[in-house]
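Each chain, written out:
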Amino acid sequence: AVNEETKEHLYETLLAECRDTIQAVREDIKSEAKQRERSSDNESGKVSNLQFLHSYLTYIKLCTLVKRNESMAHTLQAKLKETGADENKRGPRPQDLIRLYDIILQSLAELSTLQGLEDDHTFQKEVSLKTLVYKAYRCFFIAQSYVLVKKWSEALVLYERVLKYAKEVQSKVKSFKNSLKDLPDVQELIAEVNAEKYSLQAAAILDTDETPEVSPLQQVNDNKPLCEHLDNFHLDKTLVGKHPNLVQFPPEFQTIPCKPLFFDLALNHVVFPPLDDKVEQKGKGGLTGYIKGIFGFGS
């Protein structure tokens, strides 16, 4: 193909032909199943040649679908980098790439369930390895979407997950001995993730050091001096000018309690004379002695 548009058209044509062929084979499988029911031979446990053909055509369709979406993903990645360099240009978003990799992972899941290939361990390992690779790419662009909304911690966790997938791929790919030629190179993805992690940490630090926007409540100009609102922040432009409003001068008069002229401190040290003898005399006479004293009987 000369360009991406021609390649996209060829992929669509091939997928349409695969769908038509698979539909024709399905009709033959249905007719073959009816003939088996009528015949006396019971070979229901075996996979027929038509079923193998159906699996083979489905394999071609799914692999073509994976290649087409991967080609579209590469095109979108290039456009995404161009728009990242030029902020004024509007282009694709990471969410578009996430959707493409979702379709790729769905196609790989269908590949692993093809009839007649359940016991092919080499094929199943190959599909599982490709699934890990595309999971890493999908996770990478999910992290990119979190970076755009400044969710630094979520993006950093997803970048670590990408590295985990990529290292797992590197450990498993050695056992295939160059049989996976169309597998994307995860080494480039690892290098890109490491670069993105450093830029992410720097962006997170710069974001915390940015001057926060001053709320309207902090911009109230009430002409109060600085000494009266030391515990509260107010944006006062006069503090950085030639005549800062630090204290009020001259200060206002303040009411204070009046200083007393006399302190009665001696009362606590006064000792009263004893009155015990007078109290006892009154106690002896009582009321009778008092009456006698009045009328003169006791004299």
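Residues numbered from 1 in each chain as written. Predicted model: local features only at pLDDT ≥ 70, side-chain atom pairs only at ≥ 80, totals over all residues. Heavy atoms only, no water.

The chain goes by Signal recognition particle subunit srp68 in an unreviewed UniProt entry, where it is assigned to Characodon lateralis.

Participant: So what's going on with the overall build of the chain? Residues and values would help.
Facilitator: A count of helices and strands for the chain gives 7 helices and 0 strands. Listing each helix as α and each strand as β along the chain from the N terminus yields α-α-α-α-α-α-α. Relative to its full complement of 299 residues, the chain shows a buried share of 26%. In the chain, once contacts between residues fewer than 6 apart in sequence are set aside, the share between residues at least 24 apart is 63%. In the form shown here, the chain has an accessible surface area of approximately 22,900 Å², with 55% of it arising from carbon and sulfur atoms. (Helix = DSSP H or I, 4+ residues; strand = E, 2+ residues; numbered from the N terminus. Buried < 20%, exposed > 50% of the residue type's maximum accessible area, 1.4 Å probe, protein only. Contact = heavy atoms within 4.5 Å. Areas by Shrake-Rupley, 256 points an atom, 1.4 Å probe, with all protein chains shown as cover.)

Participant: Before we move on, can you summarise the packing of helix H3 (residues 94-111) against helix H4 (residues 121-148) with the specific residues and values?
Facilitator: Two quantities define a packed helix pair, namely the angle between the helix axes and the distance between the axes. Across the interface, H3 lies against H4 with an axial gap of 9 Å and an inter-helix angle of 165 degrees. In this view, H3 runs roughly antiparallel relative to H4, as classed from their interaxial angle. Where H3 crosses over H4, the handedness of that crossing is left-handed. Here the contact of H3 with H4 is built from residues that sort into 15 nonpolar, 4 polar and 4 charged. (Axes fitted to C-alpha atoms, helices over the stretch in contact; angles between N-to-C directions. Parallel < 35°, antiparallel > 145°, perpendicular 65-115°, else oblique. Left-handed = near helix turned anticlockwise from the far one by under 90°. Nonpolar A, V, L, I, M, F, W, Y, C, P; charged D, E, K, R; others polar.)

Participant: Can you tell me about the side chain of serine 145, naming the residues and giving the values?
Facilitator: Among the secondary structure elements, serine 145 is positioned in helix H4. By relative accessible area, serine 145 is classed as buried at 13%. Of note is the side chain of serine 145, whose polar atom sits 2.5 Å from the backbone oxygen of isoleucine 142. (Polar contact = N/O pair within 3.5 Å; in protein donor to acceptor, adjacent residues only side chain to side chain.)

Participant: Which residues make up the pattern of salt bridges, and what are the values?
Facilitator: In the structure shown here, the tally under the stated rule is 6 salt bridges. Of the charged contacts in the structure, one is a salt bridge between arginine 68 and glutamate 12, with a shortest N-O distance of 2.4 Å. Here arginine 68, found in helix H2 (residues 49-85), pairs with glutamate 12, found in helix H1 (residues 4-38); they are 56 residues apart in sequence, far enough to count as distant. Under the relative-accessibility criterion, arginine 68 is labelled buried at 13%. Under the relative-accessibility criterion, glutamate 12 is labelled partly exposed at 30%. For arginine 138, the salt bridge identified is with aspartate 102, shortest N-O distance 2.4 Å. Of this pair, arginine 138 sits in helix H4 while aspartate 102 is found in helix H3, placing the two residues 36 residues apart along the sequence. (Salt bridge = Lys/Arg side-chain N within 4 Å of Asp/Glu carboxyl O.)

Participant: Report on the nonpolar core, specifying residues and quantitative values.
Facilitator: Counting 45 residues, the largest nonpolar core has Leu111 and Phe141 as its most contacted members. Elements that contribute at least two residues to this core include exactly H2, H3, H4, helix H5 (152-173) and helix H6 (186-209). Per-element tally for this core: the top contributor is H4, with 13 residues. Setting aside anything within four residues of it in sequence, one finds leucine 111 in contact with Tyr59, Leu62, Cys63, Phe123 and Val127. (Core = buried A, V, L, I, M, F, W, Y, C linked by side-chain atoms within 4.5 Å.)

Participant: Go over unusual backbone geometry, please, and point to the residues and values.
Facilitator: Residue proline 250 is reached from phenylalanine 249 by a cis peptide bond, and omega for that bond is -5 degrees. Considering the arrangement of structural elements, one finds proline 250 in the loop between H6 and helix H7 (276-295). For lysine 150, which is not a glycine, the phi torsion comes out positive at approximately 60 degrees. Mapped onto the elements of the fold, lysine 150 is located in the loop between H4 and H5. Looking at lysine 150, the relative accessible area reads 49%, which means it is partly exposed.

Participant: Before we move on, could you go through the environment of lysine 125 and cite the residues and values that matter?
Facilitator: Secondary-structure assignment places lysine 125 in helix H4. A relative accessible area of 54% means that lysine 125 is categorised as exposed. C-alpha separation for the pair lysine 125 and valine 173, spaced 48 residues apart in sequence, amounts to 9.9 Å.

Participant: Describe in detail the packing of H4 against H5, supporting the description with residues and values.
Facilitator: Relative orientation of the contacting elements H4 and H5 amounts to 165 degrees, with a least axis distance of 8 Å. The angle between H4 and H5 places the two elements in the roughly antiparallel class. The way H4 lies across H5 gives a crossing that is left-handed. Each of Leu129, Leu132, Val133, Lys135, Ala136, Cys139, Phe140, Ile142, Ala143, Gln144, Tyr146 and Val147 in H4 lies in contact with H5, whose residues at this interface are Trp152, Glu154, Ala155, Leu158, Tyr159, Arg161, Val162, Tyr165, Glu168, Val169, Lys172 and Val173.

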